[in-house]
Amino acid sequence: VNEKKAEQLILLALEDITDRVRSEKILIENEARSKKERTLLHDFFTQTPAVLAILKGPEYVFEFANPAYMELIGNRNLIGKKLLEAVPEVKGQGFIELLDNVYKTGETFTGKEMPIMVEKGKGKPEQFFLNFTYQAFTNDKGETEGVLVFAYDVTELVIGRKQVEASSLMIRNIYMNAPAAICTFKGPEHIYELVNPAYQKLFDKRDLVGKSLLEALPELNGQGVNKILDNVYNTGEVFISTEIPVMLARADNEASEQRYFNTTMQPIYNEETKIIGVVNFGYDVTEQIMARKQIEESEKRFSNILSQSIMSIAILKGADLIIAFANDKMMASWGKGKNIIGKPLLKVLYELEDQPFPNVMQQVFTTGIPHYGYEEKAILIINGKEEVTYYNYVCQPYTEVDNTISGVTILANEVTEQVLAKKQIEESEKRFSNILSQSLMAVCILKGRELVVTSANDSMLEMWGKGKNVIGNTLIEVLPEIEDQPFLKLLDDVYTTGVPFATPEIKAILNRNGKREECYFNLIYQPYRDLDETVTGITVFATEVTKQVFAQKQIEESESKFRTLSETIPNMIWAAAPDGQKNFFNKYFLDYTGLSFEELQGDGMHKIIFPADLKKDLELWHHSLKTGEDFNMEKRIRHHDGTYHWHLTHGRAQKDMLGNITGWIGSSTEIEKQKIFSEELEAKVKERTAELQISNEELNQSNTQLDQFAYIASHDLQEPLRKIITFSTRLQDKHKDELNTEVKSYLNKIEVASSRMSTLIRDLLNYSRLLQHEKLFMQTDLNETLKNILNDFELFVHEKNAQIKSDKLPTIDAIPFQMNQLFSNLISNALKFSEEDVPPVIAITSRTLSEKEIQKYPAFNPLVSYVEIIFKDSGIGFEQQYAEKIFTIFQRLHNQETFIGTGIGLALAKKVIENHHGEIFADAKENEGASFHIILPLKQRDK
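Residues numbered from 1 in each chain as written. Predicted model: local features only at pLDDT ≥ 70, side-chain atom pairs only at ≥ 80, totals over all residues. Heavy atoms only, no water.

Side note on the overall build of the protein
- The secondary structure content of the protein amounts to 29 helices and 32 strands.
- Counting all 943 residues of the protein, 39% fall into the buried class.
- Sequence separation of at least 24 residues holds for 51% of the intrachain contacts in the protein that already meet a minimum separation of 6.
- Working note: accessible area of the protein is about 54500 Å², and carbon and sulfur atoms make up 53% of it. (Helix = DSSP H or I, 4+ residues; strand = E, 2+ residues; numbered from the N terminus. Buried < 20%, exposed > 50% of the residue type's maximum accessible area, 1.4 Å probe, protein only. Contact = heavy atoms within 4.5 Å. Areas by Shrake-Rupley, 256 points an atom, 1.4 Å probe, with all protein chains shown as cover.)

Structural data, given as structure tokens:
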């Protein structure tokens, strides 16, 4: 432009020098000012961080590019080059199209955060983001000569923002996919802003987002949650809580239910560290809490069952036998109070130290093998006085969840009265001993409508005539004979209605011990409820009164003065509210007293109780109401005819799963006749005791005579025999050449007969010793017994050239001397009864019997393990029809000339087996050998 102006000035100078001079002066001033402006503009273009460039013509030739532009594209040589020649990588990225539009239309284009891929000399394109403007510049004629490029590199800003957005997205994804229930509340009104799926699942039919807490969940009003949020929002204090209870509804139209949460609430801050909301992290732990409560309730129920059990129960922990639990029955048996809990057993019952019980418990604790005791004697100091007691008990290991043994459990029944009665009456009074040995109450739990037996105490199992293997079976599988009897329908009614059922002296037909029996029971069916009060089973309480019923029938038949009994023994059933107010009397109760239900309300019960018994009755009843303990009392109750009769009244609290008393159920059973019967029984026992004392004296005298006979047999009878044998031998030795054949034959027969008689006397003495049956049982290794016998028979075995093979034999509780006799007789017979000139083979094997095999023997104890030992020989055998005869004393299958013997050996073996509570039998074939089967218990019950 200035050059053109200069040309014009030169032309004008030809016309007017004055104007030229003036114009030159102005030109000089303008050039100076323009140069200064260009310098300032150049400095700005080169120093600004903005990216600047001038592109000339439609091919966009670089006329200018500032350092920032050069830095952006890697300091390439640009000036004078076309855009696509200098920066070829921009092709296809859309920039050429934008330039073309600006160049053609003259319209300015502005782009925000436009991405561009540029190679900065590293061989690999890099991405940048630019805010830029394309602006056309024109000449004096208004024609577009090129495009000015103004740009700013905003790459770091864009990447930073994208990272923030990605981070926010990641956090949101974590929130939305987290298993925890997460939500955010905005502002002081606690508006739901974000709710993840886990949180929404808690309220799967409710809309939350955009609503305030109490607007979305109005049932939370008054539960304190809103106040907690207020405190977090206003103070910034983090709130953390576990198992917080909240009443919530899943849907707007549903009822609220109890829920439990572990929750954390913490403030949300903005950039100025101002609290703008609250974030809530929570876990629904309702199922875990309810499961724990169920376990606690189950443990409490189990503890209650143990505490209320008629059995004496104790749990001892650790090697020191610390008393961790003892029910009232056990503490009463020991004569101790509840202050014994937590103390070592031998500190509380120091008198047991020299008795076998501590060693038994230590052995159970160490080995994990239960120990069963039957009528075992214990000496206890009760109220400062030494008392002798007897127990049936089981001591078994107490295991933890990981099956480690941490202590022992003792379940015991005191049987002192039964044992003493048995000692007095013995076998002639077994019926009375059985009455005394019966448990007063049998208990079992039946679960589900199918009535599966989940637990049954020993009294119930004994009453059924079954073992513990019935647990897990249905009631009809355990007692199929009751299918046509009323019990199943009664049980189903209780399960369906949830109403308890009680009845006295109901008749039942049971198959017990292989015999069909008519029985009578006092029964209570109590519904067994779950945590939600749903009936899930039935608890059965039973007392067998068969003997009482039969006894009453006998008394009725012999004494016409007593009224005719009905099908069941009179029994009054009553029920009461938790406060003790009676709200039910059965018809028998009303008929017996002659009073109506209304007359028995309030103080009406006082009218029927004997005045002298009333005070104690009220004290015991108030004590039971206060403590929840059972109510038990013998008292006199007025009959409607005005007479008083003794009754045994028993009441028991009915409790829900939380242990709250929901009512009382009880019964009053007349025991007037039982008292009379008891007095008659006591008189009969005294009379029988006197008879037994006389019998014992006679038995002692008989035993003395037997001992004298044994002495004579072992000394006075043996001595003449020894002389006969000695003189006979001397005659043959000194005069053998002088004696004729007939005399020699007679002397030989005398010697043989004398030897046989000596053997017979010795065998009879051995058999008589077995009859005394001294129970000196001890651990006996049968391998050692066999080894000793084979040493004794070494010469005989060698002469017979016999082979004797044996399995490894067990170690059992036995009388060692009798085991020696048993093995000696069996091996002697196997060697003796063999084919002549045929070497005998004897095989001795051993095995343990299964539970099913043990059940084949009624006399066997199902709680004891048994072993079978078989002596099999290859001898002459015998016909199977004689398999039982051979065990009879003096029974022989062969004559003396063929096989010598007394006929006592196998009878002696049978007696040994009987002394050890076992069985012996034989099977054989003639000329094919015989097998003798011996079954013995590993542990003796009366060891």
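The discussion continues.
Quick look at the environment of Val443
- Mapped onto the elements, Val443 comes out in strand β16 (residues 442–447).
- The sequence separation of Val443 and Ile310 amounts to 133 residues, and the corresponding C-alpha distance is 9.3 Å.
- The residues contacting Val443, other than those within four sequence positions of it, are Ala456, Asn457, Met460, Thr539, Val540 and Phe541.

Here we look at the sheet that holds strand β10 (residues 275–284)
- As summarised here, the arrangement of the five strands in space is β7-β6-β10-β9-β8, forming an open sheet in which the pairing is antiparallel. Among the strands making up the open sheet, the edge pair consists of β7 (191–195) and β8 (239–248). Adjacent strand axes in the sheet meet at a mean angle of 35 degrees, parallel and antiparallel pairs treated alike.
- With six bridges connecting them, strand β6 (residues 181–186) and β10 associate as antiparallel partners. (Pairing = 2+ DSSP bridges. Axes fitted to C-alpha atoms, helices over the stretch in contact; angles between N-to-C directions.)

Quick word on the sheet that holds strand β18 (residues 501–512)
- Spatially, the five strands line up as an open sheet ordered β17-β16-β20-β19-β18, and their pairing is antiparallel. The sheet is open, and its two borders are formed by β17 (452–456) and β18, each paired with just one other strand. Direction aside, the axes of adjacent strands within the sheet are offset by 35 degrees on average.
- Where β16 lies against strand β20 (residues 535–544), six bridges are found, and the strand directions are antiparallel.

A look at the packing of helix α27 (residues 816–832) against helix α29 (residues 905–915)
- Running from amino to carboxyl end, α27 crosses α29 at an angle of 145 degrees, the nearest separation of the two axes being 9 Å. Here α27 and α29 pass one another in a crossing that is left-handed. Each of Gln818, Met819, Gln821, Leu822, Asn825, Leu826 and Asn829 in α27 lies in contact with α29, whose residues at this interface are Gly905, Leu906, Leu908, Ala909, Val912, Ile913 and Asn915.
- When grouped by side-chain class, the residues that make up the contact of α27 with α29 number eight nonpolar, six polar and no charged. (Left-handed = near helix turned anticlockwise from the far one by under 90°. Nonpolar A, V, L, I, M, F, W, Y, C, P; charged D, E, K, R; others polar.)

Description of the side chain of Ser333
- In this structure, Ser333 sits in helix α11 (residues 328–334).
- Assessed through its relative accessible area of 9%, Ser333 is described here as buried.
- Within the local environment of Ser333, its side chain forms a polar contact with the side chain of Tyr391, the two groups lying 2.4 Å apart. (Polar contact = N/O pair within 3.5 Å; in protein donor to acceptor, adjacent residues only side chain to side chain.)

Brief notes about the pairing of β6
- Among the six residues of β6, five are classified as buried, and the element is accordingly described as predominantly covered.
- Note that β6 and β7 share four bridges and pair antiparallel. Bridging across to β7, Lys186 finds its partner in Ile191.
- Hairpin connection, β6 to β7: the antiparallel pair is bridged by four residues, and Gly187 has positive phi, about 75 degrees.

Things to note about the nonpolar core
- Counting 37 residues, the largest nonpolar core has Met819, Leu822, Phe823, Phe871, Phe878, Phe932 and Ile934 as the members making the most contacts within it.
- For this core, the element with the most residues is α27, which contributes seven residues. (Core = buried A, V, L, I, M, F, W, Y, C linked by side-chain atoms within 4.5 Å.)

Regarding the pattern of salt bridges
- Taken as a whole and judged by the stated rule, the model has 21 salt bridges.
- Of the charged contacts in the structure, one is a salt bridge between Arg529 and Glu533, with a shortest N-O distance of 3.9 Å.
- On the basis of relative accessible area, Glu533 is assigned to the partly exposed category, the value being 37%.
- Arg847 is paired through a salt bridge with Glu868; the nearest N and O atoms lie 2.8 Å apart. A residue pair is termed long-range when its members are at least 10 positions apart, and Arg847 in strand β29 (residues 841–848) and Glu868 in strand β30 (residues 866–873) qualify at 21 residues.
- When its relative accessible area of 6% is taken as the criterion, Glu868 is described as buried. (Salt bridge = Lys/Arg side-chain N within 4 Å of Asp/Glu carboxyl O.)

Structural notes on the packing of aromatic side chains
- The final tally for this structure, using the stated rule, is 22 aromatic pairs.
- Here the aromatic rings of Phe109 and Phe132 are separated by 5.8 Å at their centres, their planes lie at 45 degrees, and the arrangement is tilted. Placement of Phe109 in strand β3 (residues 109–118) and of Phe132 in strand β4 (residues 126–138) is noted, with a sequence separation of 23 residues between them.
- Overall, the relative accessible area of 3% leaves Phe132 in the buried class.
- Among the aromatic side chains, those forming a connected cluster through ring pairs are Phe95, Phe109, Phe132 and Tyr134.
- Geometry around Trp574 places Lys582 over its ring, the cationic atom sitting 5.1 Å from the centre. (Phe/Tyr/Trp six-rings, centres within 6.5 Å; stacked < 30°, edge-to-face > 60°. Lys NZ or Arg CZ within 6 Å of the ring centre and 35° of its normal.)

Re the pairing of β30
- Of all eight residues that make up β30, seven are buried, and the element is covered over most of its length.
- Here β29 pairs with β30 via seven bridges, running antiparallel. Looking at the pairing, Ser846 lines up with Ile869 of β30.
- In this structure, β30 lies alongside strand β32 (residues 930–937), joined through seven bridges in antiparallel fashion. Bridging from a neighbouring strand, Lys872 pairs with Ser931 of β32.

Side note on a nonpolar patch on the surface
- Together, Tyr372, Tyr374 and Leu863 make up a nonpolar patch on the protein surface, roughly 260 Å² of accessible area in all.
- Summarising the element assignment, Tyr372 is placed in strand β13 (residues 371–382). (Patch = residues over 30% accessible without salt bridge, like charges linked within 9 Å, V, L, I, M, F, W, Y side chains within 5 Å.)

Thoughts on the confidence of the model for the protein
- Confidence along the protein averages 80 in pLDDT terms, with 79% of residues attaining 70 or more.
- Here residues 559–567 is a poorly scored stretch, pLDDT under 50, and it has 12 contacts once near neighbours within four places are set aside; other chains count.
- For residues 894–902, every residue scores under 50 in pLDDT, and the model assigns this stretch 22 contacts once sequence neighbours within four places are set aside. (pLDDT = per-residue confidence, 0-100.)

So, unusual backbone geometry
- Of note, the phi angle at Glu243 is positive, near 55 degrees, even though the residue is not glycine.
- Inspection of the secondary structure puts Glu243 in strand β8.
- Its relative accessible area of 32% is what places Glu243 among the partly exposed residues.
- For Asn403, which is not a glycine, the phi torsion comes out positive at approximately 70 degrees.

Focus: helix α9 (residues 225–235)
- Of the residues making up α9, those classed as buried are Val225, Ile228, Leu229, Val232 and Tyr233. An end-on view of α9 places all buried positions within 130 degrees of arc, on one side of the element. Facing away from the buried surface of α9 by more than 90 degrees, the exposed residues are Lys227 and Asn234.
- On the buried face of α9, the contacting elements are β6, α8 (213–216), β8, β9 (257–269) and β10.
- Note on α9: the residue one or two positions beyond its end, Gly236, has a positive phi of about 80 degrees. (Arc of directions from axis to C-beta.)

Concerning the side chain of Asp613
- Here Asp613 is to be found in helix α21 (residues 611–627).
- In this structure Asp613 touches Met633, Lys635 and Arg636, once residues within four positions along its chain are discounted.

Overview of the environment of Phe585
- The topology assignment puts Phe585 in strand β22 (residues 582–585).
- Classification of Phe585 by relative accessible area gives buried; the value is 6%.
- Residues Phe585 and Ser667, spaced 82 residues apart in sequence, show a C-alpha to C-alpha distance of 9.7 Å.

Things to note about the packing of helix α25 (residues 782–792) against α27
- Axis separation between α25 and α27 bottoms out at 9 Å; the angle between their running directions is 55 degrees. It follows from the interaxial angle that α25 and α27 lie oblique. α25 and α27 meet at a crossing whose hand is right-handed. Of α27, the residues touching α25 (which contributes Leu782, Thr785, Leu786, Ile789 and Leu790) are Met819, Asn820, Phe823, Ser824 and Ile827. (Parallel < 35°, antiparallel > 145°, perpendicular 65-115°, else oblique.)

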